[in-house]
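Each chain, written out:
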Amino acid sequence: MAFNVTRRKFLQTASLAAVSIPLSKVVCAETGVTKASLEPKGTMNDTTVVGGLCEMCFWRCQMVGKVRDGQLIKLEGNPKSIDNGTSICARGNAGIKLLYDVDRLKYPLKNVGKRGEPVWKRISWQEALDECGSKLKAVVDQHGPQGICVFPHGASAKYPMHYFERTVGTHNVSEASFFQCRGVRDTAYMASINEAPEEYVDMANAKVIFLVGCHFGENIHVSHTKNYIKGLQNGAKLIVADPRYSASAAKSDIWVQIKPGTDTAYLLAIMNYLVQNKKYNQEFVTNHTAGFDKFSQSIAEWTLDKAAKECEIPAAQIKEVADLLAANAPNVTIHPGRFSSWYGNDFQRGRALACLTALLGAYYVKGGWLPPKKPKLSKTSWAAEEHGNEHNLNYHNNKMHHPYAPPGTPTELIRDCAISGKPYPIKGCVVWGQNPMQTIPNQEKMKQVFKAMDFVMCVDVMPTDVTMWADILLPESSYLERYDEIKVGATYVKADDKEPTQYIAPRYPMVEPQFERKDQVYITNEIAKRMGHEKDIPVQSLEELVNKTLEASKTTLASIKAEGGIHLQPGKPAGAVPEDFMVQLFSDEIADAGFPGAPTYIPVENVPAGHARLLFGRAPVHSFSRTQNNIWLHHAMPVNPVWLNDTVAAKLGLKEGDSVGFINSEGVKSRTTTIVKVTPGIRKDCVYMYHGYGMVNPMLSICGGKGVDEQSLITKIAIDPESGVHGMRNNFVKLTKDGKTLDMPA
Amino acid sequence: MSETSTSQDLSFFYRFLARCMQYPDPQWMNEDFFQAFFNLVDTLGATSEGQEIQNILTQSPDPIEALQIEYTRLFINGAPHVVAPPYASVYMDKSLQGAFALKTLSFYRAKGFVMEKDADLPDHLIHELEFLSLLVQENDLAGEEEFLTTLFRPWYKQFCPRVGKETRHPYYRMVVNLIDFFTTEEKKDGFQCNEA
């Protein structure tokens, strides 16, 4: 475009005022830049802000922030922390780049295009909230509260989840942290020891650490990793069962290169060996277990040889592991794991881990499972109301489909109902901090759910893949910009020979939220007002929510801030085994529900000819898809190479760094390609990738389309029968290169 | 014409350009606004381009909504991807609120200006244009030139062609070219360094 005059000449024209004066009448009266008194040069206004609580993953390390001129320029571990100390991980450091990510959601957006192919228009909060409130109310008025389904994830999603569950009254809530992650572990332990195990293992004082699939070093939670490393430094023997030579396997004394899906058979054989050879802790079993005889009979078939054949590992190695555990019991860590939604037989696997811990007497002992005594907090949220089970899909037709389901409703029951309209219509969907496109298997089915809705709203900090399916997309303040979650914990007196100490660490904002980002209490309350629930609102602000939650501890946000962001108080020593602590080796309750009363191995589908089993796990610098667009983390690990056995690679003619795609056994192709990592450190019948890559949404300018989205290849759905939790490792792939499909050699 | 009155006029131009870059809203994007806008465009000799914009606005069933959608796509969050975030740091630091934004703020401060509490980031195009307006209003033409050379042009010369190439609405092509015109000092022989 050319103007027919230069700037200088234009500004010299006699009639300039004739142009400029009309302009002066339509300019904005106020400016964002205003005159002020001069400040002394060199003043950077640097401050240290305390009270940061990380949420780049969900371990919630305590931090301080360095702020310059309102800009957060550095994050560090809070020196007062007795949890992570001054350490934070790569993701924690990179939180700054989430805060200032160019692609972050800034304003409420309305989709004036189609779901899945959005055309966005910025709208006011008033309009956005009016639309969310009226559309969700219309769903409830027409279909009942059960007509709304909710997919929440993360600290900010708890308050809105409670609103929809307790006040609105829908059971159709599916948290990824339960139904696609650790829920099955928790319910298996609940059924076995009457509480969820968390990761309460005293690895620092263990003589043996036994990891079944855990890959510390790649999966990093700072204080937990420190605890693990301290144990290794103290001389603990490390046993790692994993088909892959993981970061943990690389540090192990014994690496058990087990066939995927056979963990339970392996654990049963270890337990049977201990029982048969009377190498179990007879005192603990007598005093703190139930059903030993039935249990022993049930697992008796699992000889070392039988398990060796099933698990494709040497019988002598199973015996070696069992003997090592027995010789060092009870000071052994049988790690309960975390992410456990693997094969659809995972409840039994969790039960086996819980029972093995009991046979070794490794509950409430140094080096074993040792729950800390945490400070108590008040419970503040929407009031719990009884809504009956008439519309609870897990109770439909007076039948409990998955009696050991975690809180909420199993995802697959919600999806089937939403798509079929049976037994009732689900027409409104709220997605809050979760990215169901990359957490829930079978993406096409997820799309069908969104297509079936009358209204979809998403709340997030980033434009993740699921946000493309929203009608209204709301920008949330991040964990660095809001009050929120309170982390509590305690040290073990046995671990460090210091007095036991408890800590309370609420989340404080490090900086003010930018643009028009709002927090969960504001958004939820405003929607609640529009849905007719104003009188039920429990708090007016996040700050009030946190202060009310702190009441039981007799602390406040102000008092803890004055203490440096963390309140420390004398703790209680981790105690001996409570008298009433019982482990259900054989559970009559589980048997009565129609499932095996003793841990039982349920075989999974074998790898079909020409394919490899698709395995996936955590990258050390990423938390799933949540952190992919972070520029520092992206540079640290821009793609997710596929691990391929070196012998297999040679037969396929593939070498390190070759670019490959995938096609799964159901004909679904990967949208993108990745590079090959050739290694002897993986079984021939598997390939492995880090999870969370290959996101679709082109609004993600850094990570979009980089690496392969392994979730897109997980189309076969396995459901753990007891819990209703997904199993996601029963999918099989072939590699593709240059348009050709490569059959995996037998 | 006195230097002071030219500065006053230039100040209005900067303020008007800042107005043009605000999120479209019928409260200000009204008949008076467009009249002033097309008057400026005509004066600069871009009558045919101005006519094209008028045609598109007239033909659109909701011209303001069309501009809102395009603004969102270009400058906020768009599919397939936000085209051109209007922040200097995005181009100079590959991040929002990077070191370049701090440098910009420091420059404001050195000249005796601060950011209002509810303002956007200091390196937002609108605020930089407001700042230029305030500087020339104070007749600080040396400051204007220094700011343009060291803090404005380095990023704007990346931003402007991106919008010009990618926009689907001629209004925004015209706006970024107007800004380019008013922020590019020509050489002494009468030609601009970056011809509009």
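Residues numbered from 1 in each chain as written. Chains lettered and ligands numbered in written order. Predicted model: local features only at pLDDT ≥ 70, side-chain atom pairs only at ≥ 80, totals over all residues. Heavy atoms only, no water.

Caption draft 1: Spatial organisation of the overall build of chain B. When you go through chain B residue by residue, the secondary structure sums to nine helices and one strand. Whereas a compact globule of 196 residues would reach a radius of gyration of roughly 16 Å, chain B reaches 17 Å, a difference of no more than 12%. Expressed along its principal axes, the backbone C-alpha trace of chain B runs to roughly 45 × 40 × 35 Å. In chain B, which comprises 196 residues, the proportion classed as buried is 60%. A separation of at least 24 residues holds for 61% of the contacts in chain B among residues at least 6 apart in sequence. (Helix = DSSP H or I, 4+ residues; strand = E, 2+ residues; numbered from the N terminus. Rg over C-alpha atoms; globule rule 2.2 N^0.38 Å. Buried < 20%, exposed > 50% of the residue type's maximum accessible area, 1.4 Å probe, protein only. Contact = heavy atoms within 4.5 Å.)

Caption draft 2: How the structure looks around the packing of aromatic side chains. For the structure shown, the criterion picks out 60 aromatic pairs over all chains. When the ring of Phe13(B) is compared with that of Phe182(B), the centres are 4.7 Å apart and the planes differ by 20°; the resulting orientation is stacked. Of this pair, Phe13(B) sits in helix α1 (residues 3–20) while Phe182(B) is found in helix α9 (residues 170–183), placing the two residues 169 residues apart along the sequence. No difference in accessibility class separates Phe13(B) from Phe182(B), as the two residues are buried. Over the face of the ring belonging to Tyr107(A) we find Arg122(A), whose NZ or CZ atom lies 3.7 Å from the ring centre. It is Arg729(A) that lies over the ring of Phe616(A); its NZ or CZ is 5.2 Å from the centre. (Phe/Tyr/Trp six-rings, centres within 6.5 Å; stacked < 30°, edge-to-face > 60°. Lys NZ or Arg CZ within 6 Å of the ring centre and 35° of its normal.)

Caption draft 3: Highlighting the sheet that holds strand β4 (residues 71–77) of chain A. All names here are of chain A. In space, the three strands of this open sheet follow the order β2-β3-β4, with antiparallel pairing throughout. Only two strands of the sheet have a single neighbouring strand rather than two, namely β2 (46–53) and β4. Adjacent strand axes in the sheet meet at a mean angle of 30°, parallel and antiparallel pairs treated alike. Relative to β4, strand β3 (residues 62–68) runs antiparallel, the two sharing six bridges. Counted as the bridge partner of Val64 is Glu76 from β4. (Pairing = 2+ DSSP bridges. Axes fitted to C-alpha atoms, helices over the stretch in contact; angles between N-to-C directions.)

Caption draft 4: Structural view of unusual backbone geometry. Here the bond from Ala329(A) into Pro330(A) is cis, since omega is 5°, no more than 30 degrees from zero. Within the element layout of this structure, Pro330(A) appears in the loop between α13 (315–328) and β12 (332–334). Of note, the bond from Lys422(A) into Pro423(A) is cis; its omega dihedral lies within 30 degrees of zero at 5°. With respect to the helices and strands, Pro423(A) occurs in the loop between α15 (411–420) and β13 (428–432). Not every positive phi belongs to a glycine, and Asn397(A) is a case in point at roughly 60°. If you trace the backbone, Asn397(A) turns up in the loop between α14 (346–359) and α15. By relative accessible area, Asn397(A) is classed as exposed at 62%. A positive phi angle, near 50°, is found at Gln97(B), a position not held by glycine.

Caption draft 5: Main features of the interface of chain A and chain B. Tallying the contact residues gives 64 residues for chain A and 76 residues for chain B. Carbon and sulfur atoms supply 61% of the area buried between chain A and chain B, which totals about 6,200 Å² over both sides. Inspection of the chain A/chain B interface yields four salt bridges. Among the ionic pairs, Lys35(A) bridges to Glu138(B), the shortest N-O distance being 3.0 Å. (Buried area = accessible area lost by both parts, 1.4 Å probe. Salt bridge = Lys/Arg side-chain N within 4 Å of Asp/Glu carboxyl O.)

Caption draft 6: How the structure looks around the pairing of strand β24 (residues 686–690) of chain A. Residue and element names in this part refer to chain A. Taken across its five residues, β24 has five buried, putting it largely inside the fold. Side-chain alternation along β24 places Cys686, Tyr688 and Tyr690 on one buried face and Val687 and Met689 on a second face that is also buried. Two strands pair when backbone bridges link them, and strand β20 (residues 612–617) and β24 are joined in this way by five bridges, in the parallel orientation. Paired with Phe616 across the bridge in β24 is Met689.

Caption draft 7: Geometry of the environment of Lys716(A). Residues and elements named next belong to chain A. Within the secondary structure, Lys716 sits in the loop between β24 and β25 (718–719). Along the primary structure Lys716 and Ser665 are separated by 51 residues, whereas in three dimensions their C-alpha atoms are 9.0 Å apart. If sequence neighbours within four positions are ignored, Lys716 has contacts with Glu605, Ser665, Glu666, Asn730, Asn731 and Phe732. A polar contact is formed between the side chain of Lys716 and the side chain of Glu605, at a distance of 2.6 Å. (Polar contact = N/O pair within 3.5 Å; in protein donor to acceptor, adjacent residues only side chain to side chain.)

Caption draft 8: Representation of the sheet that holds strand β6 (residues 120–122) of chain A within the structure. All names here are of chain A. Spatial strand order, β6-β5-β15-β14-β13-β7: six strands in an open sheet with mixed pairing. Both outer strands of the open sheet, β6 and β7 (148–152), are each paired with one neighbouring strand and no more. In this sheet, adjacent strand axes meet at a mean angle of 15° when their direction is disregarded. As judged from the five bridges shared by β13 and strand β14 (residues 455–460), these two strands associate in the parallel manner. Bridged to Val430 within β14 is Met457. Docked against the sheet, helix α5 (residues 125–143) engages β5 (109–111), β7, β13, β14 and β15 (472–475), running at close to 130° with respect to β15.

Caption draft 9: Examining the environment of Leu74(B) more closely. Residues and elements named next belong to chain B. Note that Leu74 resides in helix α4 (residues 63–76). For Leu74, a relative accessible area of 0% translates into the label buried. Considering only alpha carbons, one finds Leu74 and Phe159, 85 residues apart in sequence, at a separation of 11 Å. For Leu74, the contacting residues outside a window of four places in its chain are Val82, Val83, Ala84, Pro85, Val163, Thr167 and Tyr172.

Caption draft 10: How the structure looks around the pairing of strand β16 (residues 484–490) of chain A. Residues and elements named next belong to chain A. Of all the seven residues making up β16, seven are buried; the element is thus mostly covered by neighbouring parts of the structure. Summarising the sheet, β16 and strand β17 (residues 501–507) pair through six bridges and their orientation is antiparallel. The residue of β17 that forms the bridge with Gly489 is Tyr503.

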